[in-house]
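Structural overview for review
Listed below, chain by chain, are the residues.
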Amino acid sequence: MNSTTPTIYPCTTRVQQNTVDLNTTGGLRLRLRLEVWFRRWAEYIVFPVGLVTFLGLWSAIVKIGNYPPFILPSPGRVYDKFVITILDGTLWKHTQITLLEILAGLSLGLIVAVVIGYILAKSPFLERLLSPYIIASESIPIVALAPLLVIWFGFGGLSKVLICALIVFFPVLVNTIVGIRTVEQDLRDLMHSLQASKWQTFLMLEVPASLPVFFGGLKMAVTLAVIGAVVGEFVGADRGLGALINIARGIMDTPLLFVALFTLVFIAVTLYGLVVIVENRVLAWQKKR
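Here the structure is a predicted model, which is why all the values come from computation and not from measurement. (Residues numbered from 1 in each chain as written. Predicted model: local features only at pLDDT ≥ 70, side-chain atom pairs only at ≥ 80, totals over all residues. Heavy atoms only, no water.)

Observations concerning the overall build of the protein
Regarding its fold elements, the protein presents eleven helices and zero strands. Going from N to C terminus, the protein has its helices and strands arranged as α-α-α-α-α-α-α-α-α-α-α. Put simply, the protein has 289 residues, and 33% of those count as buried. A total accessible area of about 18900 Å² is found for the protein, and carbon and sulfur atoms account for 69% of it. (Helix = DSSP H or I, 4+ residues; strand = E, 2+ residues; numbered from the N terminus. Buried < 20%, exposed > 50% of the residue type's maximum accessible area, 1.4 Å probe, protein only. Areas by Shrake-Rupley, 256 points an atom, 1.4 Å probe, with all protein chains shown as cover.)

Here it is, written out as structure tokens:
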């Protein structure tokens, strides 16, 4: 009985193996390309998707609950109110007042906090002497302190600027002290051996070394400055986004209240984003290390 043995063709087996290798390599390359693409564009995709999801849930809650506009307006009503306040100039009139107070208070608080923070960082004796008073002043809620500042400095912009400066002061002060003290002693000894002056040591060593910590405090400060301005306007003001919120609350115009709130969020996010951009450019040397 004749048995048939299968004929094996080496060239056919080699072709199949090459096909499998090509398919595997192609799939791996495709996966790597997708991962690279996702990492590059994820931050640009997540925000629009999250915003659409938020607006969709908001609209669904309004429809399901059948809430009246003075309780929870729909996104469409808020948008209509936003367009109206833009066209009649109401939103810009109040926004520019609040923005000026934020920028002025932030600048004042930063300057004072950096100067005092540097002095305290260089003098442990002064830090031990003044720290209890600084901590005690910071423990007072800004909401409780704001009426007193309004009484002392009036209902104008000065009291709001001071409130912003006070709320910004402490985080920047602490980060300045920590940043200056994180400079390694070996680097200070190196600058001393190079016969660098105090000014050269400050500019070439202490400032670059403390900037990462300082920017952490600055990110916190820009958001707190927005809170400070609004708190001051709540206490006593007839202009500004805080005053606009009070007006909207008094007349039960909830869409207008949402417009003011979203404007404040936009200001805070924009200021935070600007700080991040400046930080990335100033500290670009760290990423190259």
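Digging into the confidence of the model for the protein
Any residue range with low pLDDT should be treated as having predicted coordinates unsuitable for detailed reading. Of all residues in the protein, 84% attain a pLDDT of 70 or more, and the chain-wide mean is 82. Note on residues 11-22: pLDDT is under 50 here. Beyond four places in sequence and across chains, it has one contact. (pLDDT = per-residue confidence, 0-100. Contact = heavy atoms within 4.5 Å.)

Topic: the pattern of salt bridges
Summed over the entire model, instances satisfying the criterion amount to four salt bridges. With its nearest N and O atoms 3.2 Å apart, the salt bridge here joins D253 to K81. Within this pair, whereas D253 is found in the loop between helix 9 (241-250) and helix 10 (254-282), its partner K81 is found in helix 2 (residues 75-87), the two being separated by 172 residues in sequence. A relative accessible area of 16% means that D253 is categorised as buried. A salt bridge links E127 to R181; its shortest N-O distance comes to 2.5 Å. Here R181 lies in helix 6 (residues 157-181) and E127 lies in helix 4 (residues 124-139), a separation of 54 residues in the sequence. (Salt bridge = Lys/Arg side-chain N within 4 Å of Asp/Glu carboxyl O.)

Observations concerning the packing of helix 9 against helix 10
In helix packing, the relevant descriptors are the interaxial angle and the interaxial distance, both defined with respect to the helix axes. Between helix 9 and helix 10, whose axes approach to 8 Å, the crossing angle comes to 160 degrees. Taken as axis vectors, helix 9 and helix 10 run roughly antiparallel relative to one another. Considering how the two elements wind past one another, helix 9 and helix 10 form a crossing that is left-handed. Packed against helix 9, whose contacting residues are L241, L244, I245, A248 and R249, the element helix 10 presents L256, L257, A260, L261, T263, L264 and I267 at the interface. When its residues are assigned to classes, the contact of helix 9 with helix 10 shows ten nonpolar, one polar and one charged. (Axes fitted to C-alpha atoms, helices over the stretch in contact; angles between N-to-C directions. Parallel < 35°, antiparallel > 145°, perpendicular 65-115°, else oblique. Left-handed = near helix turned anticlockwise from the far one by under 90°. Nonpolar A, V, L, I, M, F, W, Y, C, P; charged D, E, K, R; others polar.)

Here we look at the packing of helix 3 (residues 90-122) against helix 6
Axis separation between helix 3 and helix 6 bottoms out at 6 Å; the angle between their running directions is 35 degrees. For the element pair helix 3 and helix 6, the recorded crossing hand is right-handed. Of the residues contributing to the contact of helix 3 with helix 6, the split by class is 22 nonpolar, five polar and four charged.

Comments concerning unusual backbone geometry
Although it is not a glycine, N66 adopts a positive phi angle of roughly 55 degrees. With respect to the element layout, N66 can be found in the loop between helix 1 (10-65) and helix 2. Looking at N66, the relative accessible area reads 66%, which means it is exposed. In this model, M252 sits at a positive phi of 60 degrees, which is unusual for a non-glycine residue. Note that M252 resides in the loop between helix 9 and helix 10.

Regarding the environment of S107
Relative to the elements of secondary structure, S107 occurs in helix 3. Look at S107 and you get partly exposed, because its relative accessible area is 40%. Spatially, the C-alpha atom of S107 lies 9.4 Å from that of C164, the residues being 57 residues apart in sequence.

Quick notes on a nonpolar patch on the surface
The grouping of F47, L51, F54, L55, F262, V265 and V269 at the surface amounts to a nonpolar patch, some 660 Å² of accessible area in total. Those elements that provide at least two residues to the nonpolar patch are helix 1 and helix 10. If you tally residues by element for the nonpolar patch, the top one is helix 1, at four residues. Inspection of the secondary structure assignment puts L51 in helix 1. For L51, a relative accessible area of 39% translates into the label partly exposed. (Patch = residues over 30% accessible without salt bridge, like charges linked within 9 Å, V, L, I, M, F, W, Y side chains within 5 Å.)

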